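# Results of the structural survey
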Amino acid sequence: MTNEQPIRVLVVEDDPVAADAHVLYVGRVPGFVAVGKAHTGAEARRWLDRTAVDLLLLDLHLPDGHGLQLARSLRAAGYHADVIAVTSARDLAVVREGVSLGVVQYVLKPFTFATLRDRLVRYAQFRGAAGEASGQDEVDRALAALRAPGPAALPKGLSAPTLERVTAVLRDSAEGLTAAGVAEAVGISRITARRYLEHLVDAGRAARRPQYGTVGRPELRYRWVTGR
């Protein structure tokens, strides 16, 4: 893609920390550029009115409406940007509805940079397909570019079921938790809990801050950044 124009991405995400992380992630993938970020559907519309955008990295839970409502209104208004949905929702009915509205990929929160990079690279391959297909096999290959071969690998030593349990415990805690608190709630060691928590921080789904008031070195408290 070195001789082509980069794919222009608008990040639509209501949480400022997550939005900054997604912009950073997009900028790290060759062939892509984040042209801006919007925290509401209305702000996204204003961006599209003044900036050329090829792809929306779209959170489905926005303060002024559901992301699919935004996608539907954009299609009706003649906007043709593709959509990669970023969401913690796992309702397959929503997935089916999104397909009809130009959602080409779904990325479930929490996710790592590697997961998003894989989806963006596959989207670029799909977008780069041009000309007339020689037959069914070529059409199938173009569509297959959008499909991941399997779940994105977690860092060595982490498992998806435990990550989901840690995520659920942290999301349900309004005040945040220390690694010790997560370890007790999930039934894992404190060191293991911290590894999962740091993974969530790296993925932009959690934030950490020192907890003072204890003797010695302050302990870190982790908070789910989206509240969803």
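Presented here is a report on the structure given in the accompanying data block. Predicted model, so just to flag it, every value in this text is computed and none were measured.

Definitions and cut-offs
Residues numbered from 1 in each chain as written. Predicted model: local features only at pLDDT ≥ 70, side-chain atom pairs only at ≥ 80, totals over all residues. Heavy atoms only, no water. Helix = DSSP H or I, 4+ residues; strand = E, 2+ residues; numbered from the N terminus. Buried < 20%, exposed > 50% of the residue type's maximum accessible area, 1.4 Å probe, protein only. Contact = heavy atoms within 4.5 Å. Areas by Shrake-Rupley, 256 points an atom, 1.4 Å probe, with all protein chains shown as cover. Expected span 1.5 Å × (residues − 1). Arc of directions from axis to C-beta. Polar contact = N/O pair within 3.5 Å; in protein donor to acceptor, adjacent residues only side chain to side chain. Core = buried A, V, L, I, M, F, W, Y, C linked by side-chain atoms within 4.5 Å. Pairing = 2+ DSSP bridges. Right-handed = clockwise from strand over helix to strand, strands pointing away. Salt bridge = Lys/Arg side-chain N within 4 Å of Asp/Glu carboxyl O.

## Some thoughts on the overall build of the protein chain
Scanning the protein chain from N- to C-terminus turns up 9 helices and 10 strands. Here the protein chain, with 228 residues, has 42% of them falling under the buried criterion. Pairs at least 24 apart in sequence give 60% of the contacts found in the protein chain among residues at least 6 apart. Element-wise, carbon and sulfur atoms account for 53% of the exposed surface of the protein chain, whose accessible area totals about 11900 Å².

## Section: helix α1 (residues 16-27)
Spacing of three or four residues puts side chains on the same side of an α-helix, whose turn is 3.6 residues. For α1, built from 12 residues, the straight-helix expectation of 16 Å at 1.5 Å per residue is met to within 8% by its first-to-last C-alpha distance of 17 Å. Looking only at α1, the buried set comprises A18, A19, A21, H22, Y25 and V26. All buried residues of α1 fall inside an arc of 165° around its axis, so they share one side. Opposite its buried face, α1 presents the exposed residues L24 and G27, each directed more than 90 degrees away. Among the structural elements, β1 (7-12), β2 (32-38), β3 (55-59), β6 (82-87), α5 (113-128) and α9 (190-202) are those in contact with the buried residues of α1. The distance from a side-chain oxygen at the start of α1 to the backbone nitrogen of V17 is 3.1 Å, and the residue carrying that oxygen is D15.

## Describing the environment of R221
By secondary structure assignment, the location of R221 is in strand β10 (residues 219-224). Put simply, R221 and L197 are 24 residues apart on the chain and 9.8 Å apart in space, counted from C-alpha to C-alpha. Leave out the neighbours within four places in its chain, and R221 touches E175, G176, L177, T178, A207, R208, R209 and Q211.

## Some remarks on the nonpolar core
With 22 residues, the main nonpolar core has L10, V12, L48, L56 and L58 as its most contacted residues. Among the secondary structure elements, those contributing two or more residues to this core are β1, α2 (41-50), β3, α3 (67-76), β6 and β7 (103-108). Counting residues per element, this core draws most heavily on α3, which supplies 4 residues. Not counting the four nearest positions on each side in its chain, L10 is found in contact with V35, G36, K37, A38, A44, W47, L48, V53, L55, L56 and L57.

## Things to note about the pairing of β1
With respect to burial, β1 is a largely interior element, 5 of its 6 residues being buried. Note: β1 against β2, 6 bridges, orientation parallel. The residue of β2 that forms the bridge with R8 is V33. As a crossover connection, the stretch from β1 through α1 into β2 is right-handed.

## Points about the pattern of salt bridges
In the structure shown here, the tally under the stated rule is 7 salt bridges. The partner of R8 in a salt bridge is D54, with the nearest N and O atoms 2.9 Å apart. Placement of R8 in strand β1 and of D54 in the loop between α2 and β3 is noted, with a sequence separation of 46 residues between them. Accessibility expressed as a relative area gives 9% for D54, which makes it buried. Here D20 and K37 are joined by a salt bridge, their closest N and O atoms 2.2 Å apart. Here D20, found in helix α1, pairs with K37, found in strand β2; they are 17 residues apart in sequence, far enough to count as distant. Because the salt bridges share partners, they merge into one network encompassing R8, D54 and R127.

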